[in-house]
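Chain residues, written in single-letter form:
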Amino acid sequence: MPATIALVDDDRNILTSVSIALQTEGFTTRVYSDAETALKAIVDNPPDLGIFDIKMPHMDGLELLRRLREKSQMPVIFLTSKDDELDEALGLAMGADDYIAKPFSQRLLIARVRAILRRAEPTPATEPGGQPAGTLVRGALIMDPARHRTTWKDEPVTLTVTEFLILEALAQRPGIVKTRNQLMDAAYSEDIYVDDRTVDSHIKRLRRKFRGIDPEFDAIETLYGAGYRFSEE
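Since we're looking at a predicted model, the values are computed, not measured.

In total, this model carries 4 aromatic pairs according to the counting rule given. Centroid distance Phe 52 to Phe 78: 6.4 Å. Interplanar angle 65°. Geometry classified as edge-to-face. Highlighted residues: Phe 52 in strand S3 (residues 49–53) and Phe 78 in strand S4 (residues 76–80), separated in sequence by 26 residues. Across this residue pair, the class does not change: Phe 52 and Phe 78 are buried. Residues Phe 210 and Phe 217 carry aromatic rings whose centres are separated by 4.7 Å and whose planes lie at 20° to one another, so their mutual orientation is stacked. Through a chain of ring-to-ring contacts, the aromatic side chains of Trp 152, Phe 210 and Phe 217 assemble into a single cluster.

Per the UniProt record, the feature "modified residue: 4-aspartylphosphate" (unreviewed entry) sits at Asp 53. By secondary structure assignment, the location of Asp 53 is in strand S3. Using a relative accessible area of 3% as the deciding quantity, one classes Asp 53 as buried. Asp 53 has contacts with Val 8, Asp 9, Asp 10, Gly 61, Leu 79 and Lys 102, leaving out every residue within four places of it along the chain.

What follows deals with the sheet that holds strand S1 (residues 4–8). Taken in spatial order, the 5 strands make up an open sheet running S2-S1-S3-S4-S5, and their pairing is parallel. Only two strands of the sheet have a single partner each, and these edge strands are strand S2 (28–32) and strand S5 (98–101). The sheet shows a mean angle of 20° between the axes of neighbouring strands, direction not considered. Note: S4 against S5, 4 bridges, orientation parallel. What sits directly across from Phe 78, in S5, is Tyr 99. Across the sheet, helix H3 (residues 61–69) is in contact with S1, S3 and S4; its angle to S4 comes to roughly 165°.

Let us now look at the nonpolar core. Inside soluble globular proteins, nonpolar side chains tend to come together where they are buried. Among the nonpolar cores identified, the biggest contains 26 residues, and Leu 167, Phe 210, Ile 220 and Phe 230 are the most heavily contacted of them. For this core, the elements supplying multiple residues, two or more each, are strand S7 (141–144), helix H6 (161–171), helix H7 (180–187), helix H8 (196–213) and strand S11 (227–230). Top element by residues in this core is H6. It accounts for 8 residues. Setting aside anything within four residues of it in sequence, one finds Phe 230 in contact with Arg 138, Leu 141, Trp 152, Leu 167, Leu 170, Ala 171, Pro 174, Gly 175, Ala 219 and Ile 220. Listed in part, the 21 residues of the second largest apolar core include Ala 6, Leu 62, Leu 65 and Tyr 99.

Turning our attention to H7. Along an α-helix, a turn takes 3.6 residues, which lines up residues three or four apart on a common side. Residues of H7 that are buried include every one of Leu 183, Met 184 and Ala 187, and no others. Buried residues of H7 fall within an arc of 105° about the axis and therefore sit on the same side. Set apart from the buried face of H7 by more than 90 degrees, the exposed residues are Asn 181 and Asp 185.

Right, let's get into the pairing of strand S10 (residues 220–223). Sheet topology note: the S10/S11 ladder contains 4 bridges and is antiparallel. Pairing of Glu 221 across the sheet is with Arg 229, part of S11. Counting the residues that bridge the hairpin from S10 to S11 gives 3 residues, and of these Gly 225 lies at a positive phi of roughly 85°.

The strands that make up a sheet are held in pairs by hydrogen bonds between backbone atoms, and each pair lies either parallel or antiparallel. One open sheet holds the 4 strands; their spatial order is S6-S7-S8-S9, and the pairing between them is antiparallel. Since the sheet does not close on itself, it has two edges, and those belong to strand S6 (136–138) and strand S9 (155–156), each with one partner. As paired elements, S6 and S7 share 3 bridges and run antiparallel to each other. The partner of Leu 136 across the bridge, within S7, is Met 143. Each of S6, S7 and strand S8 (149–152) touches H6; the most contacted strand, S7, lies at about 120° to it.

Parameters at a glance
- Residues numbered from 1 in each chain as written.
- Predicted model: local features only at pLDDT ≥ 70, side-chain atom pairs only at ≥ 80, totals over all residues.
- Heavy atoms only, no water.
- Phe/Tyr/Trp six-rings, centres within 6.5 Å; stacked < 30°, edge-to-face > 60°.
- Helix = DSSP H or I, 4+ residues; strand = E, 2+ residues; numbered from the N terminus.
- Buried < 20%, exposed > 50% of the residue type's maximum accessible area, 1.4 Å probe, protein only.
- UniProt positions renumbered as here; feature names shortened; annotations may be inferred.
- Contact = heavy atoms within 4.5 Å.
- Pairing = 2+ DSSP bridges.
- Axes fitted to C-alpha atoms, helices over the stretch in contact; angles between N-to-C directions.
- Core = buried A, V, L, I, M, F, W, Y, C linked by side-chain atoms within 4.5 Å.
- Arc of directions from axis to C-beta.

So, in structure tokens, the structure goes:
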């Protein structure tokens, strides 16, 4: 079944052009010209991924994402104004999976859509005994890639796909420093470019989520000038 993508933008030209491009690639699209209508429709009938413009009247894309995150961890790509670093930082801090600046090439947008959908695909395989394949246990941390579930001290932690992959890359080899480039390679496909501050934003969000459960959480360490590591048990 083709993936369904919700497009939310008050610019009807963008809605039309992006929708046609995605449909040509085999995706199903739903288009919304205002965020309030989109929010209700997305919550009632969740798509596989959302592409939200940030600059919209009444309810902007940031508010749409904030309200959506109360109910769903659906992957979201933000469309931002060119060189608007504040928009990008806010979007990532609030749980967006990626962003792309206007004007953008449809080829790049489609590549990012495919990359995020690939990361969101579940892995059904299991180990002998019925345990999910690839389950990662590091002290109080348990990560189940097959179900995209993470717990810390037996408490669930809700992570986006990108956050999950970055944490998994760190936790796979405790004590080993991962550079920002290595973490970008783990979380993004080769045809997607992101800069250093994107990884830093994801790390900050990871720490904030875990400290919401455990104020003493310090398992993700910063090695200034080198990168990050998951503390050894």
